[in-house]
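Tertiary structure, described
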Amino acid sequence: MGCNGLREVHVSDVTAAIKKLCVSANCNVPRETIGALERAVETEESPVGREVLKQILENHRIAREEGVPACQDTGVAMVFVEVGQDVHFVGGDLYAAINEGVRQGYTEGYLRKSLVNDPLFKRVNTGDNTPAMIYVDIVPGTDVKITVAPKGGGAENMSGIAMLAPAAGVEGVKKFVVERVQKAGSNPCPPVVVGVGIGGTFDRVALLAKKALLRPVGSHNPDPAYAKLEEELLAEINKLGIGPQGFGGRTTALAVNIEYAPCHIASMPVAVNLNCHVGPHETVVL
Amino acid sequence: MAIEISTPLTDEVVARLKAGDNVRISGILYTARDAAHKRLVALLAEGKELPMDIRGQIVYYVGPTPARPGRAIGSAGPTTSYRMDSYAPVLMEHGLKGMIGKGSRSQDVRDAMVRFKAVYFAAIGGAGALLAKCVKASELVAYEDLGPEAIRKLTVEGFPAVVVNDIYGNDLYEEGVRKYRVS
Ligand code: SF4
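Residues numbered from 1 in each chain as written. Chains lettered and ligands numbered in written order. Predicted model: local features only at pLDDT ≥ 70, side-chain atom pairs only at ≥ 80, totals over all residues. Heavy atoms only, no water.

1. Thoughts on the overall build of chain B
In plain terms, the rule: Helix and strand assignments come from DSSP, with helices taken as H or I runs of at least 4 residues and strands as E runs of at least 2, each series counted from the N terminus. We take the radius of gyration over the C-alpha atoms and set the globule estimate at 2.2 Å times the residue count to the 0.38 power. Contact criterion: two residues are considered in contact whenever any of their non-hydrogen atoms come within 4.5 Å of each other. Computed with a 1.4 Å probe, the accessible areas rest on the Shrake-Rupley method; for each residue, only the protein chains presented here act as cover.
What chain B contains, in helices and strands, is 6 helices and 7 strands. Start at the N end of chain B and walk to the C end: the helices and strands fall as β-α-β-α-β-α-β-α-β-α-β-β-α. For 183 residues, the compact-globule estimate of 2.2 N^0.38 gives 16 Å, and chain B sits close to it at 16 Å. Reported as C-alpha extents along the three principal axes, the dimensions of chain B are approximately 50 × 40 × 35 Å. Here the analysis covers contacts within chain B between residues at least 6 apart in sequence; of these, 62% occur between residues at least 24 apart. Of the roughly 7600 Å² of accessible surface on chain B, 49% is carried by carbon and sulfur atoms.

In C-alpha cells:
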C-alpha cells in the first residue's frame, strides 16, 4: 500500500497475467458452455446434429487436456480491464504492458497471429497479434480485474447494428436479432451464443453486445423483463432450423445474453454480436 | 457409417458422394486461404505453372496455429469458405476435385461443381484440436511469407468431413434447414 491509501500495482504483473490468460482462454472452453453442449446432445433431434455436437465436445476435451487451442482462429485479443480508482500503476505504461502480454502469450503460446496493420491498403500481418482491443473502466476499490476474450473473425463478421425507432418496440428488436442469426447461417460455427445490446448510442450499443458475451452461458439479465426476452429470443432462434454447423437441427443457439443501457428519447439502438460454440474468455483479479 | 475415401479423387469416387454423406479422408490435402488463392489464380491467368499439381486434389481452407515442437501441426479447423468463392471455379476448371471449408458457397461455385465434377465438404468449424489429430505430416509448399496462410501439403488419415455440395446440385445447408425449420 502506498501513501494516501493507494495500492501500487506493477505493470509487469499485468503483462504476466495477460500472457497466461491468452493461452489459457484459447485452450479452455468455459465450463458453462460445455454444460450447455452436453444438454444439447440429449435434446437435438437431428442425427447429423447430434454427431456434430459430440465431435465438438470431444474437441473441447482434447483442447483442455492437451493444451491445444480449441479453434485455430485464436482471434483478436479483446482485453477488458476494471481498474479500482485507488490503484496506482508503476513501472511503465499500462497499455504497453497489456500489448506486451498479448505478444508473449501469442508468440510463446503457439497461438495464431491474425492481425493486419492496416485494414484497407497494406494488410500486413503484425506478426505478434498486437495490438489488442483494450477497454478500461474505472471502478471503486483497489482491485484490478482483467478479462481476456479472444474473438475469432468468423463469428465477429456476422455482427450488426440497427438504429431502430422506439416505436419498433419488443417486436422490432426480436425481428432484427432473429434475422441477424438467420442471415449468419452456418458462418459463425453454430451452435452460437448471441450477445445483444439495447440502448445507449451507436458506439455504446456495440460494446454492450460484446460485453453480454462475457456473461456465462445459462446466466440471465437480472431484470426479469430482459431475462424473459432472452428466453423468448432463444426459443425463436432455435426454430430457424439452422442447427449444429448449419447442417439442420434444433440447436442453433445455446444462449441469448442481453445487456441494456439508457438512451435518447428518439432512439433505440440494437446490436448483435455472435460467439461460436468456442467463445472463450477468462478473468483474473490482481 | 462414414465413407472412406482417399486422394487423388477420381471421377468415379466423386460421382458416388451425395450431400449429407459422412466421409473420412486419407491422403493429401493442400492448405490455402484467400491470400494464397489470389496468387494461384494470378498464376493461372498468366498461363504459368502452379506450385503444386491440383488435378484430382483437395484444397483445405485452413490457417492453422503454429505447431508445438514434436507435432505435425497446431489447431487446424476450417475457415469460412465464401471468401474463396471468387477463385474456386478457375481452380476446378484446372482439375481441382474437392474443397474443405465451412459455410455455404455462391451459386457460381455450385454451378462450377456440377460442371467440373467437384465436391465441397464441410469440416466442423471450431474443432481444430480434434481435426489436428488426423494430420500426420505437414510440409511447406509455397508462400512462406504468408505465415498461417502459406500453402502446405498435409498428410491426413481418417479426416472427418460431411459432403455439403455434390455434383448433382444438392446442398446440405439448404436441405437440412428446410427439414428442421418451424414456421
Ligand atoms: S467462428 Fe469460432 S469456432 Fe468458428 S472458426 Fe471462428 S473462432 Fe473458430
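Don't stop here, the text continues.
2. Digging into the interface of chain B and chain A
The test is simple: Here's the idea: put two parts together, see how much 1.4 Å probe accessible area each one loses, and the total over both is what we call buried area. By definition, a salt bridge exists where a carboxyl oxygen of Asp or Glu is found within 4 Å of a side-chain nitrogen of Lys or Arg. Any N or O atom pair separated by 3.5 Å or less is treated as a polar contact, with the protein-specific requirement of one donor-capable and one acceptor-capable atom, and with residues adjacent in sequence counted only for side-chain atom pairs. Under this grouping Gly is polar, as are all residues other than the nonpolar Ala, Val, Leu, Ile, Met, Phe, Trp, Tyr, Cys and Pro and the charged Asp, Glu, Lys and Arg.
With 40 residues of chain B at the contact, the number on the chain A side is 43 residues. Roughly 3400 Å² of surface becomes buried between chain B and chain A when both sides are summed, with 56% attributable to carbon and sulfur atoms. For the chain B face of the interface with chain A, the top three residues by lost area are Arg68, Ile124 and Tyr180 of chain B, together amounting to 19%. Counting across the interface, chain B meets chain A through 1 salt bridge. Where chain B meets chain A, there are 17 residue pairs in polar contact (both at pLDDT 80 or more). Taken together, the elements giving at least two residues each to the side of chain B that touches chain A come down to helix H5 (128-132), strand S7 (151-165) and helix H6 (172-180) of chain B. At 5 residues, H6 of chain B tops the list of elements feeding residues into the side of chain B that touches chain A. Of the residues in the side of chain B that touches chain A, the class split is 22 nonpolar, 11 polar and 7 charged.

3. Points about the site of the ligand
Counted only if it meets this: When we say a residue is near a molecule or strand, we mean one of its heavy atoms is within 4 Å of it.
As a structural note, the neighbourhood of the ligand is formed by Cys71, Asp73, Gly152, Gly154, Ala155, Pro188, Cys189, Cys276 and Val278 of chain A together with Lys102 and Gly126 of chain B. Around the ligand, the neighbouring residues derive from chains A and B rather than from a single chain. Of the residues contributing to the shell around the ligand, the split by class is 6 nonpolar, 3 polar and 2 charged.

4. Describing the sheet that holds strand S2 (residues 76-84) of chain A
Residue and element names in this part refer to chain A. Put simply, the test is: A pair of strands is considered paired only if DSSP assigns at least 2 bridges between the two. In this analysis, axes come from line fits to C-alpha atoms, helices being fitted only over the stretch in contact, and the angle between any two N-to-C directions falls in the range 0 to 180 degrees.
Strand order in the open sheet made by the 4 strands is S4-S2-S5-S10, with mixed pairing throughout. Two strands lie at the open edges of the sheet, namely strand S4 (133-139) and strand S10 (282-285), each paired on one side alone. When strand polarity is set aside, the average angle formed by the axes of neighbouring strands in this sheet is 15 degrees. Pairing analysis gives 4 bridges linking strand S5 (residues 144-151) to S10, with the strands arranged antiparallel. Across the sheet, residue lysine 145 finds its bridge partner in S10, namely valine 285. Along the sheet face, helix H1 (residues 11-27) touches S2, S5 and S10 and points at about 40 degrees away from the line of S5.

5. Description of the packing of H1 of chain A against helix H4 (residues 94-108) of chain A
All names here are of chain A. Put simply, the rule is: Should an angle lie under 35 degrees it is considered roughly parallel, over 145 roughly antiparallel, and from 65 to 115 roughly perpendicular; all remaining angles are considered oblique. If you view the pair so one helix is near and one far, a crossing is left-handed when the near helix is turned anticlockwise from the far one by less than a right angle, and right-handed when it is turned clockwise.
Orientation of H1 relative to H4, taken along the N-to-C sense of each, is 40 degrees, at an axis distance of 7 Å. The angle between the axes of H1 and H4 places the two elements in the oblique class. Crossing of H1 against H4: the hand is right-handed. Across from Val11, Val14, Thr15, Ile18, Lys19, Cys22, Val23 and Asn26 in H1, the residues of H4 making contact are Leu94, Ala97, Ile98, Glu100, Gly101, Val102, Gln104, Gly105, Tyr106 and Glu108. For the contact of H1 with H4, the per-class residue count stands at 10 nonpolar, 5 polar and 3 charged.

6. Section: the packing of helix H2 (residues 31-43) of chain A against helix H3 (residues 47-66) of chain A
All names here are of chain A. Closest axis-to-axis distance for the H2/H3 pair is 9 Å, and the angle between their directions is 150 degrees. Taken as axis vectors, H2 and H3 run roughly antiparallel relative to one another. H2 and H3 meet at a crossing whose hand is left-handed. Contacts from Arg31, Ile34, Leu37, Glu38, Ala40 and Val41 in H2 reach Arg50, Leu53, Lys54, Ile56, Leu57, His60 and Arg64 in H3. Looking at the contact of H2 with H3 residue by residue, the class counts come to 7 nonpolar, 1 polar and 5 charged.

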